[in-house]
Amino acid sequence: MVLDFSTDLMIAPRRSFQTLSRQSHLLWAVIVLVLTRLSKIIFQQSQDNLLMFIPVSIIQGAVIAGLYYCAGRICKGTASYSLTFQVYSFAGLPNLLLAPIGLINFFVPQVIFFQILSSVLMIALNIWSLLLLIIGLKETHRVSTAKAIIIVLVPVFLLPLAIVLGITLLVI
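Not measured: the values here are computed from a predicted model.

Caption draft 1: Representation of the environment of V32 within the structure. Position of V32 among the secondary structure elements: in helix 3 (residues 26-44). With relative accessibility at 1%, the residue V32 sits in the buried group. The sequence separation of V32 and S6 amounts to 26 residues, and the corresponding C-alpha distance is 9.5 Å. The contacts of V32, once residues within four sequence positions are left out, are S89, F90 and L93.

Caption draft 2: Representation of the packing of aromatic side chains in the model. For the coordinates displayed, the defined rule picks out 2 aromatic pairs. With a centroid separation of 5.9 Å and 45° between ring planes, the pair formed by Y68 and Y88 is classed as tilted. Of this pair, Y68 sits in helix 4 (residues 50-74) while Y88 sits in helix 5 (residues 81-91), placing them 20 residues apart in sequence. Ring centres of Y69 and Y81 lie 6.1 Å apart, and the angle between their planes is 85°; on these two criteria the pair is classed as edge-to-face. Taken together, the residues Y69 in helix 4 and Y81 in helix 5 connect sequence positions 12 residues apart.

Caption draft 3: The arrangement of a nonpolar patch on the surface in detail. Side chains of V111, I112, F113, I116, L117, V120 and L121 sit close together on the surface and give an oily, nonpolar patch of about 620 Å² of accessible area. Relative to the elements of secondary structure, V120 occurs in helix 7 (residues 112-141).

About the thresholds
- Residues numbered from 1 in each chain as written.
- Predicted model: local features only at pLDDT ≥ 70, side-chain atom pairs only at ≥ 80, totals over all residues.
- Heavy atoms only, no water.
- Helix = DSSP H or I, 4+ residues; strand = E, 2+ residues; numbered from the N terminus.
- Buried < 20%, exposed > 50% of the residue type's maximum accessible area, 1.4 Å probe, protein only.
- Contact = heavy atoms within 4.5 Å.
- Phe/Tyr/Trp six-rings, centres within 6.5 Å; stacked < 30°, edge-to-face > 60°.
- Patch = residues over 30% accessible without salt bridge, like charges linked within 9 Å, V, L, I, M, F, W, Y side chains within 5 Å.
- Areas by Shrake-Rupley, 256 points an atom, 1.4 Å probe, with all protein chains shown as cover.
- Salt bridge = Lys/Arg side-chain N within 4 Å of Asp/Glu carboxyl O.

In structure tokens:
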């Protein structure tokens, strides 16, 4: 059932996100969020502390989903926070493919072809995830495509502003 949803999401995202509005997959969304973060760590061959990895991934995902939720509300979206979190998590599904690419780069590090291919694939997978995020926000918040794009862009501008404001308040 849950794996069917994940496969359908990759093939027919619009229909899958409409289904998500009627049937929650919150636990699966948390698992996908953690797995996609782990996949990115493998791809980047990072030495992050794996003990803190899971809670930090969930907190980061919750905060980012919160920003999307607030932006969605500003744009008159109707989705709940839980649904927005699920959309954000499931939109990252294509990034699960980064792990095998990272492993290939790890075992064949000096072959320029694989380095170029992995960079191109990483860009393509990130674009795919971004498109899934826009489609998911559009379908769950019941807004236009333009508003869904605005929902995605608002946190891009709000997060750095919040960081600068926070640092400024700490300094003063």
